[in-house]
Protein chains: 2
Amino acid sequence: MTKNTDDIEPYGKIGVIGAGAWGTALALVAARAGRQVTLWAREPDVVESIQTRRENTRFLPGVTLEKRIVGTGDLAEAVRGAEALLVAAPAQHLRASLAALKSHLDRAVPLVLCAKGIEQATGKLVTEVLEETAPGFPPGILSGPSFAADVAQGLPTAVTVAAPLDIALRVQASLGHLTFRPYATDDIVGVALGGAAKNVYAIACGMVDGLGLGESARAALLARSFAELVRLGEALGARSETLTGLSGLGDLVLTATSPSSRNFRYGRDMGRGASLADLNAPGRPLAEGVATAPALVIRARREGIELPVAETVADLLLGRLPLDQALVRLMSRPLKPE
Amino acid sequence: MTKNTDDIEPYGKIGVIGAGAWGTALALVAARAGRQVTLWAREPDVVESIQTRRENTRFLPGVTLEKRIVGTGDLAEAVRGAEALLVAAPAQHLRASLAALKSHLDRAVPLVLCAKGIEQATGKLVTEVLEETAPGFPPGILSGPSFAADVAQGLPTAVTVAAPLDIALRVQASLGHLTFRPYATDDIVGVALGGAAKNVYAIACGMVDGLGLGESARAALLARSFAELVRLGEALGARSETLTGLSGLGDLVLTATSPSSRNFRYGRDMGRGASLADLNAPGRPLAEGVATAPALVIRARREGIELPVAETVADLLLGRLPLDQALVRLMSRPLKPE
């Protein structure tokens, strides 16, 4: 497992589907690594802003996009000549996005998801949705502890790329450079699960923070959250080194301790007394963990696994449990041996 | 492993040896849980402050000590009638402290360490030093994500108590109350290792923070640190649920992300350019990881384990490696599959 990728030929051209902050940051990464990039945006104003100002003023303002990045609103143009596609569509819209994308694809190009979550309607991981919607296309997922703004600024970031190993290594060779280090693995389910679950646990940790319970309580809850992730991961066949790695523990720690995380902030605001109605009002930024929490619980039950922390978050978000009772469930287990 | 401790009789009287911030906070915990407590301090001014002002003005100012806590500078008095002793002596002085303590003990009372580290001269875990210095005394260790100030304030905190299981359960029953939850285990080596190693990794994570590399880089490093802890723990016979639990991952996350941690601050100051001479000047607060880092590396080598992150920290602290080269070693592994 120490294969260097110096001798692996990178992709010449990469298409990025979705020009939110993360899709745009990944387009920058690919361009900095030397790739030709097309960046597809759904929103006409974003397309125009990329084309005319070389900036995504709506989602990633203040960062100049390299000339190698061609913005487009035309899916057919976005995929033309691309040897791999990075798909940065939100989990709950992934199925529809993939269907639209597929109608423009005449060859089995690798589809690397850059979104995190579990489909609420089915309890399926994003990679399972991908394999179901686009069978025959090599599936992949890129995930890890990272914020779009940090990546865009060139702060050092390491992520995991999971796909059939030959493809994972080519993606790694295509995106890696001094400040962005992708690590290849073939543990697709492990990477997909870590990326989905961490948003749920970030809400729980944010809540404890918002209630002013201190860093010790938050750290204890984070350790318990990780234990839940490991239990479910083992049941789904994820490898333990993936769960303890960048896309598992690394991303969980980042998301569950940082006010820069939307999910952490959502939980924190809830802990400070914001109502669900306020938190879920239209126009508020999407916290993926809100949709993922009940889906994660349903999926775990199907595997015969109990997730007390995730269940508490789900019950809270569904309005089934008041905050004070949720807190008791999160923090005070009966005294017993670990 | 779901045994409730409601039916276990707590100890009547507990002696706390060492009245730093942590020893004093634990004396408060025991008193709040209903125990009679003697609190031994080495420093005459601390003894007097506890006796006359009911406050440890030097190490835990602003917190009133309950009447159940009797301060003393006399070891014989501290241990008289105590059914268990909490030993809060720093790791590097533990051997001498235990020798002094033993000369006052005429029966095999449980000795529960409340200090973290590895003895520099021997590469031994604090619990190994205990078993060697005081054979025949039931050995224990209390460790977990906690700050003395938070515990003293009554913020919710959960820790792990490792000892022969019947004793661990009695300690749990003796200290546990609404806001302080000890979890009993018999994995002494796992708890001792987690407590020692986390200080070393906190220095590394603090350094990355001090250099302004962002939260993503810190989270990636933390995940790699945890993987090192797991590797060494497995070699030493620690259980994986201990390593992923409160005293392992929980404490690592807290210490390696919080400016309230002395070890994190030490690394952060180093990242900001402070010299080793400044950082180690007399009067600066003790960062246990400084003594532990080389000892951890030596111990790991003896077990045939490589710890690249801990080795980098040790080399840096010993002045063998400049900061910029340390950073390269910490952050940029060659691109390779995980």
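To start, this report covers the structure provided alongside it. (Residues numbered from 1 in each chain as written. Chains lettered and ligands numbered in written order. Predicted model: local features only at pLDDT ≥ 70, side-chain atom pairs only at ≥ 80, totals over all residues. Heavy atoms only, no water.)

1. Notes on the pairing of strand β1 (residues 13-17) of chain B
Residues and elements named next belong to chain B.
So, point 1. With four of its five residues buried, β1 lies for the most part within the structure.
So, point 2. As defined by bridge partners, β1 adjoins strand β2 (residues 36-40) across five bridges and the pair is classed as parallel. Considered in β2, the bridge of G15 is made with T38.
So, point 3. Between β1 and its parallel partner β2, the chain crosses via helix α1 (residues 21-32), and the hand of that crossover is right-handed.
So, point 4. The pairing of β1 with strand β4 (residues 84-87) spans four bridges and is parallel. Looking at β4, one finds that V16 is bridged to L86. (Buried < 20%, exposed > 50% of the residue type's maximum accessible area, 1.4 Å probe, protein only. Helix = DSSP H or I, 4+ residues; strand = E, 2+ residues; numbered from the N terminus. Pairing = 2+ DSSP bridges. Right-handed = clockwise from strand over helix to strand, strands pointing away.)

2. A closer look at the pairing of strand β9 (residues 157-162) of chain A
All names here are of chain A.
So, point 1. Of all six residues in β9, six are buried; the element is thus mostly enclosed.
So, point 2. Both faces of β9 are covered, namely the face carrying T157, V159 and V161 and the face carrying A158, T160 and A162.
So, point 3. In this structure, strand β8 (residues 139-143) lies alongside β9, joined through three bridges in antiparallel fashion. Counted as the bridge partner of S143 is T160 from β9.
So, point 4. Where β9 lies against strand β10 (residues 180-185), six bridges are found, and the strand directions are parallel. Note on β10: the bridge partner recorded for A158 is R181.
So, point 5. Each parallel crossover has a hand, and the one from β9 via helix α7 (residues 165-175) to β10 is right-handed.

3. Notes on the environment of L101 of chain B
Residues and elements named next belong to chain B.
So, point 1. Relative to the helices and strands, L101 resides in helix α4 (residues 94-102).
So, point 2. The class of L101 is buried, set by a relative accessible area of 1%.
So, point 3. Linking L101 and P138, residues 37 residues apart in sequence, is a C-alpha distance of 14 Å.
So, point 4. Once you skip the residues sitting within four places of it in the chain, L101 turns out to touch I17, L75, V79, L85, V87 and L111. (Contact = heavy atoms within 4.5 Å.)

4. Notes on helix α14 (residues 288-302) of chain B
Residues and elements named next belong to chain B.
So, point 1. Between its first and last C-alpha atoms α14 spans 21 Å; for 15 residues at 1.5 Å apiece the expected length is 21 Å, and the two agree.
So, point 2. Within α14, eleven of the 15 residues are buried, which leaves it mostly tucked inside the rest of the structure.
So, point 3. Along α14, the positions that sit buried rather than exposed are E288, G289, A291, T292, A293, P294, A295, L296, V297, R299 and A300. (Expected span 1.5 Å × (residues − 1).)

5. A closer look at the side chain of T24 of chain A
Residue and element names in this part refer to chain A.
So, point 1. Mapping T24 onto the fold places it in helix α1 (residues 21-32).
So, point 2. Residue class for T24 comes out buried when judged on its relative accessible area of 1%.
So, point 3. The contact partners of T24, leaving out residues within four places of it in the chain, are G18, A19, L39, N56, L60 and L65.

6. A closer look at the sheet that holds strand β4 (residues 84-87) of chain A
All names here are of chain A.
So, point 1. Taken in spatial order, the eight strands make up an open sheet running β3-β2-β1-β4-β5-β8-β9-β10, and their pairing is mixed. The strands lining the two open edges of the sheet, one partner per strand, are β3 (69-72) and β10. The average angle at which neighbouring strand axes cross in this sheet is 25°, direction not considered.
So, point 2. Contacts between helix α4 (residues 94-102) and the sheet are confined to β1 (13-17), β4 and β5 (111-113), with β4 contributing the most and set at about 155° to the helix.
So, point 3. On top of the sheet, helix α8 (residues 188-210) reaches β8, β9 and β10; it is set at about 40° to β8, its chief contact. (Axes fitted to C-alpha atoms, helices over the stretch in contact; angles between N-to-C directions.)

7. A closer look at the sheet that holds strand β5 (residues 111-113) of chain B
All names here are of chain B.
So, point 1. Reading across the sheet, the eight strands line up as β3-β2-β1-β4-β5-β8-β9-β10 and stay open at both edges, with mixed pairing between neighbours. The sheet is open, and its two edges are formed by β3 (69-72) and β10 (180-185), each paired on a single side. When the angles between neighbouring strand axes are averaged without regard to direction, this sheet yields 25°.
So, point 2. Contacts between α4 and the sheet are confined to β1, β4 and β5, with β4 contributing the most and set at about 155° to the helix.

8. Brief notes about α4 of chain A
Residues and elements named next belong to chain A.
So, point 1. Listing the buried residues of α4 in full gives L94, L98 and L101. Down the axis of α4, the smallest arc covering the buried residues is 60°, so these residues share one side.
So, point 2. Buried residues in α4 make contact with β1, α3 (75-79), β4, β5 and α5 (126-133). (Arc of directions from axis to C-beta.)

Read these as spatial facts, not as claims about activity.
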